[in-house]
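For reference, the chains in residue letters:
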Amino acid sequence: MKDITSIDPRRLVVAISTLTVAAVLFSGCGSGGNDTSGQAAVDEAALAELATDAMVESDPTPTSTAAATALTTDPPAFSETSDIVYMTIDGVELSMDVFTPAGDGPWPVVVSFHGLGNEGKDMTETAAVAEAAATQEMVVFTPTWIAGNPFPITGTTFETWDNTVSCAIAFAQENASEYGGDPTNTVIDGFSAGAGAALLFASQDPRVEPILGCETDQLPTPVVGFVLGDVEAWLHSENFDAAFASEPEAIQKRVAALIGPRSWEHGADAQFHLWVSENGTTPRTIGEPSDDSGWFAQRDPDGSIQADLERLDQFADGVVDQVDAGQLLDLRLEDAGIETRLDLYPGGHTTLDKVPEIVAYLQAAASR
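Presented here is an overview of the structure given in this document. Here the structure is a predicted model, which means the values were calculated and not measured. (Residues numbered from 1 in each chain as written. Predicted model: local features only at pLDDT ≥ 70, side-chain atom pairs only at ≥ 80, totals over all residues. Heavy atoms only, no water.)

**Some points on helix 11 (residues 322–335)**
Phase 1: Between the first and last C-alpha of helix 11 there are 20 Å, a value that for 14 residues agrees with the 20 Å anticipated at 1.5 Å per step.
Phase 2: Every buried residue of helix 11 is listed here: Gln-322, Val-323, Asp-324, Ala-325, Gly-326, Gln-327, Leu-328, Leu-329, Asp-330, Leu-331, Arg-332 and Leu-333.
Phase 3: Near the N-terminus of helix 11, the side chain that reaches the backbone nitrogen of Val-323, with its oxygen 3.1 Å away, is that of Asp-321.
Phase 4: Directly after helix 11, the chain includes Gly-337, whose backbone phi takes a positive value near 80 degrees. (Helix = DSSP H or I, 4+ residues; strand = E, 2+ residues; numbered from the N terminus. Expected span 1.5 Å × (residues − 1). Buried < 20%, exposed > 50% of the residue type's maximum accessible area, 1.4 Å probe, protein only. Polar contact = N/O pair within 3.5 Å; in protein donor to acceptor, adjacent residues only side chain to side chain.)

Given below as structure tokens:
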């Protein structure tokens with residue numbers, strides 16, 4: 001079984017210089033970056049030696065404001081532009097906010113996709129990461145990417161999400177320079193359902209025609225990295241059961257694309273940093289994997305998911321969860337020769353106790 005680096009954010013010491021943290025975080029990245037046996041991803045003693053500025057200890061349950069100020073001793077040095085319409089779907093306008101650092105760029109560009117919730121781009125988790133990243137000189141675009149209630153999820157739902165996510169990225173890249181951003185240095189961030197949205201983009205074929213309803217005719221250009229938290233990489237939860245029941249072949253193709261990095265064009269040259277929460281989701285019982293009518297077999301018609309979970313020693317316990325999903329994606333990325341790293345955090349399904357670390361991942365991807 002390949003090791004996952006386990007990190008306790010309550011004890012993690014974070015340097016004011018987040019790039020220093022990022023350098024330590026990614027010291028093992030590259031072709032051998034996934035073998036972290038005997039080596040912590042973030043070593044407190046090493047950080048203490050490397051940091052030359054004042055040090056602060058991360059709060060296990062920071063608020064949005066606390067998360068931003070935890071990275072700097074100065075007041076947040078950014079401005080926010082709200083409610084910029086970037087797309088219209090069936091008469092519904094989708095908008096995004098932009099968090100812009102003070103001073104002069106060009107800065108890396110981050111497009112951050114929120115999790116499932118009525119707040120959309122205004123989710124506390126999204127704002128916490130955006131504010132903190134902006135204080136560390138990144139231009140952050142936070143789009144609302146879901147129009148209305150997404151349930152029941154169907155094949156058409158995925159097509160809509162494909163369009164929305166691609167439009168949001170293309171719009172952010174086209175307008176990045178207006179806010180001091182460098183569109184050639186774009187990193188995609190996603191949490192929960194938003195991580196799934198980012199993974200959709202990584203796995204889809206590059207666009208060749210303008211996106212219907214998008215406020216730009218520009219198409220997305222390649223990105224340098226993805227930071228994905230608690231991603232449901234192979235649609236294992238009950239949320240997708242109805243789609244598999246009604247359109248099994250179409251959704252099976254989606255699963256094959258999502259966890260088939262060998263065929264990716266968008267994400268093949270990017271760096272991936274995956275993180276998972278130990279208690280992110282309730283485990284789901286596998287049942288009889290050979291039962292064609294069972295949920296597991298619907299996701300795994302060729303048996304490859306079972307084979308890889310067995311490689312990871314995560315099949316024999318009879319359940320799968322978000323940690324297993326993260327490990328599976330990490331394994332597939334590594335097998336495809338894509339730069340990847342996976343970190344495991346204690347606690348539940350949130351970004352609020354790990355904002356400094358997420359910002360460090362974003363900076364590391366942008367500074368390759």
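**Some details on the pairing of strand 4 (residues 78–89)**
Phase 1: As defined by bridge partners, strand 4 adjoins strand 5 (residues 92–101) across nine bridges and the pair is classed as antiparallel. Pairing of Ile-84 across the sheet is with Met-96, part of strand 5.
Phase 2: In textbook terms, the turn of a hairpin is the stretch between consecutive antiparallel strands, and for strand 4 and strand 5 this stretch comprises two residues, one of which, Asp-90, has a positive phi near 50 degrees. (Pairing = 2+ DSSP bridges.)

**Re the side chain of Asp-321**
Phase 1: Checked against the element boundaries, Asp-321 lands in the loop between strand 12 (319–320) and helix 11.
Phase 2: Within polar-contact distance, the side chain of Asp-321 engages the backbone nitrogen of Val-323 at 3.1 Å.
Phase 3: Here Asp-324 takes part through its backbone nitrogen, which lies 2.9 Å from a polar atom of the side chain of Asp-321.

**So, the environment of Trp-234**
Phase 1: Along the polypeptide, Trp-234 turns up in the loop between strand 9 (225–229) and helix 7 (241–246).
Phase 2: Taking the relative accessible area as the measure of exposure, Trp-234 reaches 1% and is therefore buried.

**Some words on the pattern of salt bridges**
Phase 1: If you walk through the whole model with that rule in mind, you get twelve salt bridges.
Phase 2: In this structure, the salt-bridge partner of Lys-121 is Asp-83, at a minimum N-O distance of 2.8 Å. Here the residue Lys-121 occupies a position in the loop between strand 6 (107–113) and helix 4 (124–135), and Asp-83 occupies one in strand 4, the gap between them amounting to 38 residues.
Phase 3: With its nearest N and O atoms 3.8 Å apart, the salt bridge here joins Arg-284 to Glu-238. With Arg-284 in strand 11 (residues 284–285) and Glu-238 in the loop between strand 9 and helix 7, this residue pair connects regions lying 46 residues apart in the sequence.
Phase 4: For Arg-284, a relative accessible area of 11% puts it in the buried group.
Phase 5: Among the charged side chains, a network of salt bridges with common partners joins Asp-83, Asp-97, Lys-121 and Asp-122. (Salt bridge = Lys/Arg side-chain N within 4 Å of Asp/Glu carboxyl O.)

**Some remarks on the state of the cysteines**
Phase 1: Inspection of every chain in the model, using the stated rule, returns one disulfide.
Phase 2: Residue Cys-167 pairs covalently with Cys-214 via a disulfide, S to S 2.1 Å. Its torsion about the S-S bond being 90 degrees, the disulfide of Cys-167 and Cys-214 is classed as right-handed. Residue Cys-167 is located in helix 5 (residues 155–175), and its partner Cys-214 is located in the loop between helix 6 (193–203) and strand 9; the two are separated by 47 residues in the primary sequence.
Phase 3: Residue classification places Cys-167 among the buried residues on the basis of a relative accessible area of 0%. (Disulfide = S-S within 2.5 Å.)

**A few points about the packing of aromatic side chains**
Phase 1: In this structure the tally under the stated criterion is 15 aromatic pairs.
Phase 2: Where Phe-78 meets Phe-99, the ring centres are 6.1 Å apart and the plane angle is 50 degrees; that geometry is what we call tilted. Of the two residues, Phe-78 is situated in strand 4 and Phe-99 in strand 5; the sequence distance between them amounts to 21 residues.
Phase 3: Owing to a relative accessible area of 3%, Phe-99 belongs among the buried residues under this scheme.
Phase 4: Ring geometry for Trp-264 against Phe-272: centres 5.7 Å apart, planes inclined by 40 degrees, an arrangement best described as tilted. (Phe/Tyr/Trp six-rings, centres within 6.5 Å; stacked < 30°, edge-to-face > 60°.)

**Re the packing of helix 10 (residues 304–311) against helix 11**
Relative orientation and spacing of two packed helices are given, respectively, by the angle between their axes and the distance between those axes.
Phase 1: Contact geometry for helix 10 and helix 11: axes closest at 10 Å, N-to-C directions at 95 degrees. One way to sum up the angle between helix 10 and helix 11 is to call them roughly perpendicular. Packed against helix 10, whose contacting residues are Ser-304, Ile-305, Asp-308, Leu-309 and Arg-311, the element helix 11 presents Asp-324, Leu-328, Leu-331, Arg-332 and Asp-335 at the interface.
Phase 2: For the contact of helix 10 with helix 11, the per-class residue count stands at four nonpolar, one polar and five charged. (Axes fitted to C-alpha atoms, helices over the stretch in contact; angles between N-to-C directions. Parallel < 35°, antiparallel > 145°, perpendicular 65-115°, else oblique. Contact = heavy atoms within 4.5 Å. Nonpolar A, V, L, I, M, F, W, Y, C, P; charged D, E, K, R; others polar.)

**Topic: the nonpolar core**
Phase 1: By size, the foremost hydrophobic cluster in this structure holds 71 residues, and its most contacted members are Tyr-86, Phe-141, Phe-226, Leu-228, Trp-234, Phe-272 and Leu-329.
Phase 2: If one sorts the elements of this core by residue count, helix 5 sits on top with eight residues.
Phase 3: Once residues within four sequence positions are removed from consideration, Leu-329 is found in contact with Leu-199, Leu-228, Val-231, Ala-233, Leu-258, Trp-264 and Leu-274.
Phase 4: Ranked by size, the runner-up nonpolar core spans 25 residues in total, among them Ala-133, Ala-134, Val-187 and Tyr-361. (Core = buried A, V, L, I, M, F, W, Y, C linked by side-chain atoms within 4.5 Å.)

**Details of the environment of Ala-297**
Phase 1: When you line up the elements, Ala-297 lands in helix 9 (residues 295–299).
Phase 2: When the C-alpha atoms of Ala-297 and Gly-287 are compared, they prove to be 9.6 Å apart, with ten residues separating the residues in sequence.
Phase 3: For Ala-297, the residues in contact, after removing those within four places along its chain, are Pro-289, Asp-291 and Asp-292.

**Notes on helix 4**
Phase 1: The first and last C-alpha atoms of helix 4 sit 17 Å apart over twelve residues, in line with the 16 Å expected at 1.5 Å per residue.
Phase 2: Summarising burial for helix 4: eleven of the twelve residues are buried, a large majority.
Phase 3: Within helix 4, burial applies to Glu-125, Thr-126, Ala-127, Ala-128, Val-129, Ala-130, Glu-131, Ala-132, Ala-133, Ala-134 and Thr-135.
Phase 4: Downstream of helix 4 by one or two residues, Glu-137 has phi in the positive range, about 65 degrees.

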